[in-house]
Amino acid sequence: MRALCVSMLLLVALLLPRDAAALENLERLPPDTLWAVAVRDIKGLKAKTESGPLGAAWNHPEAAAFRAAIEKRSKEAASDITEEIGLQPSEIAKELQGFAAVYSTHFRRWTEGDYSKSEWDICLVAEIDPERQERVHEIIRQALSEVAETAKRSAEDFRDTRIYRVEIEQITTDRDLPESLRGLEIAHEVRITIEYAFVGKYLVLAEGPKEPAKKAINALLSPDAPSLGANESFRRLVQQTRAAESDVIAWADVPRLTKIFLDEEGQSGPKPMEQLGLDGFQPALVVWGLSDDAIVGRLAMGVGRDRRGIVEMLYAGGTLRETSARRVPADVLEYVAWTLDLGPAWQRFRAMMRSIEPASDAMIQAWVGTARMSMAVDIEADIIERIEGEHFYYTRTIPVEQRATPTPIPGMEFYTPPVPTSTNTTLFGLSDGTRVVEALEGLFHKLTGEPFQIPIEKREQDGYALWGFKEDAPVMDAMRMFIGLTPAALVMSSSAVDARDAIRRLGGEAGGATLADDPIYQGLRARVASENLRVLAYTSPDAMASLGGDSEEDLISTQFLSGLLSIEPQDLPPASWWKRTLRGKISAYALHADHIYGEEIIGLRR
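What this report covers is the structure whose coordinates are included nearby. Every chain begins its residue count from 1, and numbering advances along the sequence as written. With the structure being a predicted model, the display of local features is reserved for residues of pLDDT at least 70 and the display and counting of side-chain atom pairs for 80 or more, all residues being used for whole-chain, interface and lining totals. Side-chain numbers come from the whole structure's heavy atoms, not from hydrogens or water.

1. Quick look at the packing of helix H13 (residues 342-356) against helix H14 (residues 360-375)
- For helices, the axis comes from a line fit to the C-alpha atoms of the stretch in contact; other axes are also lines fit to C-alpha atoms, and the angle between any two N-to-C directions lies between 0 and 180 degrees. In this text, helices come from DSSP runs of H or I with a minimum length of four residues, and strands from runs of E with a minimum of two, each type numbered from the N-terminal end. One way to put it is that H13 packs onto H14 with a least axis distance of 8 Å and a crossing angle of 135 degrees. Compared by their axis directions, H13 and H14 come out oblique. Facing Trp346, Arg350, Met353 and Arg354 of H13, the residues of H14 in contact are Ser360, Asp361, Ile364, Gln365 and Trp367.
- Each residue is assigned to one of three groups, with Ala, Val, Leu, Ile, Met, Phe, Trp, Tyr, Cys and Pro labelled nonpolar, Asp, Glu, Lys and Arg labelled charged, and all others, Gly among them, labelled polar. Residue composition of the contact of H13 with H14, by class: 4 nonpolar, 2 polar and 3 charged. Put simply, angles under 35 degrees are roughly parallel, angles over 145 are roughly antiparallel, angles from 65 to 115 are roughly perpendicular, and the rest are oblique. By definition, residues are in contact when any of their heavy atoms lie within 4.5 Å.

As C-alpha cells, then:
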C-alpha cells in the first residue's frame with residue numbers, strides 16, 4: 001500500500017508535460033528539501049511538444065507499436081494504483097496547469113533486528129484552476145473513500161487552510177506476497193498518512209510521517225520564511241546552470257542523501273563518506289530544456305574546498321585541448337576524450353586507501369615489488385607515472401563482409417563464439433613515452449618465454465611495435481587485443497587495422513576525413529561550453545539508431561532499452577525511426593574551482 005501511494009505521486013509527476021522555468025516557485029519549497037523535480041506552464045509545453053519534432057516522431061506510423069506498448073504500460077501502472085486506492089492519476093494530471101513540483105524533505109533508514117527499514121515523505125505541490133478545485137477535491141475524496149475500512153479520516157485547520165487526512169494501518173502477511181515468496185511467515189505493519197489541501201491556486205498532496213503538508217503550506221503562505229531559494233548552494237547552482245531558461249529543474253542535496261544511503265546515521269567510528277572523500281561533493285542541480293532542434297541538459301554540482309579521495313582524484317589532470325578529434329576517423333560510432341594525469345591520481349588513490357586500511361600500502365608495495373622482480377618492470381615509475389595528458393576512446397562498425405567467421409576453440413567445439421560487430425580503440429597519452437615503450441617491450445618479451453609462453457607476437461608498423469595474439473592463437477575474436485607502442489601514446493585496439501591506423505594518425509600520416517570534419521559533430525560541439533573541459537563524449541546518429549534493434553549487432557542496445565521501458569524488444573521503433581528522430585548526442589564535463597559542470601545535448605531532426 002505504501003509503495004503504491006508513493007508510486008501514485010511519482011506517476012502523477014511523470015505524467016506532467018514539462019515546460020518553462022519553474023524557478024520562482026521552486027525557490028519557495030521548504031529549506032530542508034532533500035530532492036525535488038519542478039516544472040511550470042504544463043499546457044504550454046504540451047502544445048510546444050506536439051507541434052515540434054518530438055510530437056511528429058511520436059505520431060509517426062513507425063512508432064505505432066512503441067506508442068501502444070508505452071501507453072499499455074502506463075495504463076497498467078495506473079490501474080494498480082486505481083485498484084488499490086481508487087484514484088486514477090490521469091484524472092488529476094489533466095487538471096493541473098502551470099507550476100508543479102514533487103519533492104521530499106525526510107528520508108530515514110535504520111536496521112531493526114534482521115531487517116532494514118526506511119521511512120520517507122513525498123509531496124506534490126501543483127497549480128490548478130481555482131474554478132476546478134471542487135472537481136479535484138471530489139476526485140481525491142472519492143478515491144480515498146475506497147481505501148481500507150479501518151482507515152481513520154479527519155480534517156484539521158492549519159493557518160486558515162483545511163487539511164484533509166486519511167490514516168491507514170495495514171498488516172501485510174505472506175498471503176499478500178507473490179507465490180514464490182510465500183511461506184516465509186513475514187508480517188509487516190504499514191502505516192500510511194495521506195494529506196491534501198488547497199492553498200490559493202495550489203493543490204498540496206502529501207504522504208509521510210513528518211507532516212509534509214504543513215511544511216508545504218508554510219512555504220506557500222510565508223514568502224519571507226526560510227526556503228530553498230535562500231540556500232546559498234542552490235542560488236549558486238541556479239546561476240551556473242542558467243536554470244531560469246530551463247523547462248525542468250531537479251535539485252538533490254547530495255551530501256545528505258549520500259549519508260542516508262551509506263547508512264551513516266548514528267554510525268560511530270570512521271565514516272565511509274570521509275574515508276572515500278565523498279564529503280567533498282555538495283548539492284547538485286540538473287536542468288532540462290526543449291528547443292525545436294535539441295533536448296539540452298545542464299548539471300552543476302558543488303565541490304568543497306577540502307578535496308580528498310575520489311573528489312581529489314577527479315582533479316588530477318589539465319584541461320582538454322581536443323586534439324584527439326583530429327586523430328579519430330569520421331565514421332566513429334562513439335567517441336570519448338578525457339584528461340587525466342595517472343601518476344598524481346594513483347598517489348591520491350593510495351592516500352585514500354591508507355585512510356580506509358593502513359595495511360593497504362604494504363600490499364600495494366608488495367605487488368609493485370613482485371612485478372619489478374619477476375617482470376623487470378617498475379609498474380609505478382615506468383608506466384603509471386608516465387600516463388598523462390589527453391586520452392581518447394572510440395568505436396567503429398566492422399562492415400558485414402569483413403566480419404570474421406566463427407572458429408570453435410579447441411576443446412569447446414560445442415560452443416559458437418560471438419563474432420565482434422564493432423571495434424574499439426583507446427589511446428593513452430604519455431610523457432617520456434620512450435621509457436614506457438622500453439618497459440613494455442621487455443615485459444612482452446618475457447611473457448612469450450618461460451614460464452608464461454603466452455602466444456603473442458611483435459609486428460612492425462611505421463617503425464613502431466605492434467603487439468598482439470598470434471593469428472592461430474586459441475583465443476576468441478572478441479577477446480583479441482593489439483597494443484601499439486609509440487613515444488607519443490599507448491594504443492590499445494581490438495583490431496590490428498585500427499591500431500595501425502591510429503599509429504599513422506598520431507604521426508599525421510593517415511589521410512581521410514576525421515571526426516573534427518564531421519558536420520553533425522561540429523554542429524553539436526559548437527553548442528557546448530569550452531571552458532575547463534575534462535571530458536567530451538559524442539554518440540553518432542548511427543549508434544543512436546542501434547536502439548531500434550534492426551540487426552544482430554544491435555541486440556545489447558535493444559535489450560537494455562526494452563528492459564528499461566519494460567516492453568518487448570519487437571515493440572521498439574526500427575532503426576529508421578531513430579535515425580529520423582535523433583541527430584546525435586554530445587556530452588561535456590568541466591571542473592571548476594568550486595563545482596563540476598556538465599552539458600548534454602541530444603540533437604533532434606526537424
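Now, onward.
2. Considering the nonpolar core
- By convention a nonpolar core is built from buried Ala, Val, Leu, Ile, Met, Phe, Trp, Tyr and Cys residues, the set being connected through side-chain atoms within 4.5 Å. Classification of residues uses two cut-offs on accessible area relative to the type maximum, computed with a 1.4 Å probe and protein chains only: under 20% is buried, over 50% is exposed, and between them is partly exposed. Ranked by internal contacts, the top residues of the largest apolar core, which has 32 residues, are Tyr335, Tyr394, Leu427 and Tyr521.
- For this core, the secondary-structure elements that each account for two or more residues are strand S12 (294-303), strand S13 (334-339), strand S14 (390-397), strand S19 (489-493), helix H17 (496-506), helix H18 (519-525), strand S20 (533-539) and strand S21 (582-591).
- By residue number, the principal contributor to this core is H17, which donates 5 residues.
- Setting aside chain neighbours within four positions, we find Leu427 in contact with His391, Phe392, Tyr394, Ala489, Leu490, Val491, Ala502 and Leu506.
- If you look at the next biggest cluster of nonpolar residues, it comprises 30 residues, including Ala38, Ala213, Ile217 and Ala243.

3. Remarks on the side chain of Arg165
- By the secondary structure assignment, Arg165 is in strand S7 (residues 161-172).
- Distance and chemistry together define a polar contact, namely a pair of N or O atoms within 3.5 Å, with one atom able to donate a hydrogen and the other to accept it when in protein, and with adjacent residues in sequence counting only for side-chain atoms on both sides. One polar contact links Arg165 to Glu156, side chain to side chain, over a distance of 2.8 Å.
- Not counting residues within four places of it along the chain, the set of residues in contact with Arg165 comprises Lys152, Arg153, Ser154, Glu156, Thr193, Ile194, Glu195 and Lys214.

4. Description of the environment of Tyr202
- Among the secondary structure elements, Tyr202 is positioned in strand S9 (residues 202-207).
- For Tyr202, a relative accessible area of 7% corresponds to the buried category.
- Each C-alpha atom of the pair Tyr202 and Ile128 lies 5.9 Å from the other, and the pair is 74 residues apart in sequence.
- Leave out the neighbours within four places in its chain, and Tyr202 touches Asn25, Phe99, Val125, Ala126, Glu127, Ala197 and Leu220.

5. Points about the packing of aromatic side chains
- In summary, the pairing rule links any two rings of Phe, Tyr or Trp, Trp by its six-membered ring, whose centres are within 6.5 Å, and it sorts them by plane angle into stacked for under 30 degrees, edge-to-face for over 60 and tilted for everything else. Tallying each qualifying case throughout the model produces 16 aromatic pairs.
- Between Phe99 and Tyr202, the aromatic rings sit 6.4 Å apart at their centres with planes inclined by 85 degrees, giving edge-to-face as the arrangement. Here Tyr202 lies in strand S9 and Phe99 lies in strand S2 (residues 96-104), a separation of 103 residues in the sequence.
- Here Phe99 falls in the buried class, since its relative accessible area comes to 1%.
- Note on Trp577 and Trp578: the rings are 5.0 Å apart at their centroids and 90 degrees apart in plane angle, and the pair reads as edge-to-face.
- Of the residues examined, Trp578 reaches a relative accessible area of 9% and is grouped as buried.
- In textbook terms, an aromatic cluster arises when at least three aromatic residues are bridged by ring pairs, as seen for Trp58, Phe66, Trp577 and Trp578.
- Directly above the aromatic system of Tyr315 lies the positively charged group of Arg307, at a separation of 3.9 Å from the ring centroid. For a Lys NZ or an Arg CZ to count as sitting over a ring, it must be within 6 Å of the ring centre and within 35 degrees of the ring normal.

6. Some words on unusual backbone geometry
- Residue Pro451 is reached from Glu450 by a cis peptide bond, and omega for that bond is 0 degrees.
- If you trace the backbone, Pro451 turns up in the loop between helix H16 (433-448) and strand S16 (456-461).
- With a phi close to 50 degrees, Asp432 is a non-glycine residue in the positive phi region.
- Asp432 gets classed as partly exposed once you look at its relative accessible area, which sits at 44%.
- Within the chain, Asn532 stands out as a residue other than glycine whose phi angle is a positive 60 degrees.
- Relative to the assigned elements, Asn532 resides in the loop between H18 and S20.

7. Here's the deal with the pairing of S19
- For S19, the tally of buried residues reaches 4 of 5 residues, placing the bulk of the element in the interior.
- Summarising the sheet, strand S15 (residues 422-429) and S19 pair through 5 bridges and their orientation is antiparallel. Bridge pairing in S19 places Gly429 opposite Ala489.
- Two elements, strand S18 (residues 482-485) and S19, share 4 bridges in a ladder whose sense is antiparallel. Within the sheet, the bridge partner assigned to Ile483 lies in S19 and is Met492.
- Paired strands are those between which DSSP finds at least two bridges. Between S18 and S19, which pair antiparallel and follow one another directly, the connecting turn spans 3 residues.

8. Re the pattern of salt bridges
- In the sections that follow, a salt bridge refers to a side-chain nitrogen of Lys or Arg positioned within 4 Å of a carboxyl oxygen of Asp or Glu. The tally for this structure, following the rule as stated, stands at 37 salt bridges.
- As a salt-bridge pair, Lys201 and Glu127 come within 3.4 Å of each other at their nearest N and O atoms. With Lys201 in the loop between strand S8 (188-199) and S9 and Glu127 in strand S5 (residues 122-128), the pair connects residues that are 74 residues apart, well separated along the chain.
- Beyond isolated ion pairs, a larger network of salt bridges with shared partners links Glu156, Arg165, Glu195, Glu211 and Lys214.

9. Topic: helix H7 (residues 133-144)
- Each residue after the first adds 1.5 Å to the expected span of a helix. Compared with an ideal rise of 1.5 Å per residue, which puts 12 residues at 16 Å, H7 spans 16 Å between its outermost C-alpha atoms and is within 8% of the ideal.
- All buried positions along H7 are accounted for by Gln133, Val136, His137, Ile139, Ile140, Ala143 and Leu144. For H7, the arc enclosing every buried residue in end-on projection is 160 degrees, short of the 170-degree limit, so these residues lie on one face. It is the directions from the helix axis to the C-beta atoms whose arc is reported.

10. Topic: the environment of Ala590
- Along the polypeptide, Ala590 turns up in strand S21.
- On the accessibility criterion, Ala590 (2% relative accessible area) is buried.
- C-alpha of Ala590 to C-alpha of Val535: the two residues are 55 residues apart in sequence and 6.9 Å apart in space.
- Setting aside residues up to four positions removed in sequence, Ala590 forms contacts with Glu531, Asn532, Leu533, Arg534, His595, Ile596 and Tyr597.

The values reported here are purely geometric and, on their own, carry no functional implication.
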